[in-house]
Amino acid sequence: MIMEIIYLLFVVLLAAFLGVELIRKVPATLHTPLMSGSNAISGITLVGALAASGGDSNLLTTILGTAAVALASINVVGGYWVTDRMLGMFKKKAKPGVQK
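I will try to describe carefully the structure that is included in this document. (Residues numbered from 1 in each chain as written. Predicted model: local features only at pLDDT ≥ 70, side-chain atom pairs only at ≥ 80, totals over all residues. Heavy atoms only, no water.)

Under the defined criterion, the tally for this structure stands at 2 salt bridges. Glu21 is the salt-bridge partner of Arg24, the closest N and O atoms lying 3.3 Å from each other. Placement of the pair is Arg24 and Glu21 together in helix H1 (residues 2–25), with a separation of 3 residues, close to one helical turn. Glu21 gets classed as partly exposed once you look at its relative accessible area, which sits at 24%. Because the salt bridges share partners, they merge into one network encompassing Glu21, Arg24 and Lys25. (Salt bridge = Lys/Arg side-chain N within 4 Å of Asp/Glu carboxyl O. Helix = DSSP H or I, 4+ residues; strand = E, 2+ residues; numbered from the N terminus. Buried < 20%, exposed > 50% of the residue type's maximum accessible area, 1.4 Å probe, protein only.)

Shown next as structure tokens:
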């Protein structure tokens with residue numbers, strides 16, 4: 001039991017360290033496209049969180065799964081919002097005297 005907890009903490013810390021190191025190496029101009037590309041991964045996280053929140057009758061599992069659904073939903077919606085703003089920067093703006 002205690003070794004399993006230590007193993008899981010090791011995996012979480014290793015993933016966090018790896019994530020920080022990978023993001024640190026990405027140039028600033030690529031952060032927004034990278035985030036928009038990771039929305040698919042967040043969608044997969046959302047599906048997993050939905051499965052975790054409703055798959056067990058344990059109260060702790062339901063609470064953690066519901067929190068995971070809320071956080072993953074915020075991440076997906078925020079990612080698509082930022083992507084929409086980024087793509088909006090590339091749209092041509094109408095000139096003041098010209099109508100379409």
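A grouping of Met1, Ile2, Met3, Ile5, Ile6 and Leu9 is seen on the molecular surface, where their side chains present a nonpolar patch of about 700 Å² in accessible area. Following the sequence through the fold, Met1 ends up in the segment before H1. A relative accessible area of 77% means that Met1 is categorised as exposed. (Patch = residues over 30% accessible without salt bridge, like charges linked within 9 Å, V, L, I, M, F, W, Y side chains within 5 Å. Areas by Shrake-Rupley, 256 points an atom, 1.4 Å probe, with all protein chains shown as cover.)

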